[in-house]
Amino acid sequence: MSNPRVSLFEDKKKGEKLNKLELNISTILAEISGQNSNIEYNPDDPFSTKSPSNVTLQYFFGRIKKYTQIEKSTLISILIYADRICTTSGIILNPHNIHRIILGCLLLAIKYNEDVYFTNEHYAKVGGVSLEELNHLEYFSFLLLDFNLFISDDLYQKYLKYITNYTSSSES
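These numbers were taken from a predicted model, which means no experiment stands behind them.

Criteria and thresholds
Residues numbered from 1 in each chain as written. Predicted model: local features only at pLDDT ≥ 70, side-chain atom pairs only at ≥ 80, totals over all residues. Heavy atoms only, no water. 1 Å grid on protein atoms, 1.4 Å probe; cavity = no way out; pocket = protein on both sides within 12 Å on 5 of 7 lines; lining within 4 Å. Points joined across faces, edges and corners; volume = space filled by probe spheres on them. Helix = DSSP H or I, 4+ residues; strand = E, 2+ residues; numbered from the N terminus. Nonpolar A, V, L, I, M, F, W, Y, C, P; charged D, E, K, R; others polar. Buried < 20%, exposed > 50% of the residue type's maximum accessible area, 1.4 Å probe, protein only. Salt bridge = Lys/Arg side-chain N within 4 Å of Asp/Glu carboxyl O. Phe/Tyr/Trp six-rings, centres within 6.5 Å; stacked < 30°, edge-to-face > 60°.

## Focus on the layout of surface pockets
- Roughly 190 Å³ of volume is contained in the second largest pocket.
- In this structure, the second largest pocket is lined by Ile 28, Leu 29, Ile 32, Leu 79, Ala 82, Asp 83, Cys 86, Leu 93, Lys 158, Tyr 159 and Tyr 162.
- Those elements that place two or more of their residues in the lining of the second largest pocket are α1 (20-35), α3 (72-89) and α7 (153-165).
- The leading source of residues in the lining of the second largest pocket is α3, at four residues.
- Tallied by class, the residues present in the lining of the second largest pocket amount to nine nonpolar, no polar and two charged.

This is the structure we're talking about:
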């Protein structure tokens, strides 16, 4: 697969337009993270950064969409994996870890669900991290998922229904 040029310095006002599913997933994660904005950097959390990212999750998902050609099932898998990681490890989604948890889950979901994917170096550029950091995120994501990437059809359909019917708390 060709490797489109990825620049971290592109115009941040020109994000990729998200469809309803992508927008709902990014909004769900942003709202959960925002509810936990009082949580500080945690050195015991392998995804935590000292400073929260200034990139919105909608823009982040726009970058992911633009530079990875991600499939719908992979997007839903990201949310399921993130939920599993938090449930099994006690890690709480917050502004210090959300982007890196998404990135670790993205890498595993793409490799598990899709026939063709880019190199880790490409995904590191898309996510704005070094290759070493991305490999670290992939390792810890896989470890915290207990090396189990299988998603049953029932669970997938449950998340798909939730995401599809989701209404942002700011809309209600």
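Read on for the rest.
## A short note on unusual backbone geometry
- One non-glycine residue, Gln 69, lies in positive phi territory at about 50°.
- Within the secondary structure, Gln 69 sits in the loop between α2 (57-68) and α3.
- Residues other than glycine seldom take positive phi values, yet Asp 146 does so here, at roughly 55°.
- Inspection of the secondary structure puts Asp 146 in the loop between α6 (131-144) and α7.
- What makes Asp 146 exposed here is its relative accessible area of 60%.

## Considerations on the pattern of salt bridges
- Enumeration over the complete set of coordinates arrives at three salt bridges.
- A salt bridge links Lys 65 to Glu 22; the shortest N-O distance between them is 3.2 Å. Of this pair, Lys 65 sits in helix α2 while Glu 22 sits in helix α1; the two residues are 43 residues apart in sequence, bridging distant segments of the chain.
- Between Lys 111 and Glu 138 there is a salt bridge, and its shortest N-O distance comes to 2.8 Å. Taken as a pair, Lys 111 in helix α4 (residues 98-113) and Glu 138 in helix α6 lie far apart in primary sequence, 27 residues in all.
- You can call Glu 138 buried: its relative accessible area is 15%.

## Re the packing of aromatic side chains
- For the coordinates displayed, the defined rule picks out four aromatic pairs.
- A ring pair is formed by Tyr 139 and Phe 140, whose centres lie 5.1 Å apart and whose planes are at 75°; its orientation type is edge-to-face.
- You can call Tyr 139 partly exposed: its relative accessible area is 47%.
- The class for Phe 140 is partly exposed, based on a relative accessible area of 24%.
- The interplanar angle of 80° and the centroid separation of 4.9 Å between the aromatic rings of Phe 142 and Phe 147 together place this pair among those described as edge-to-face.
- Phe 147 sits in the partly exposed class, given a relative accessible area of 46%.

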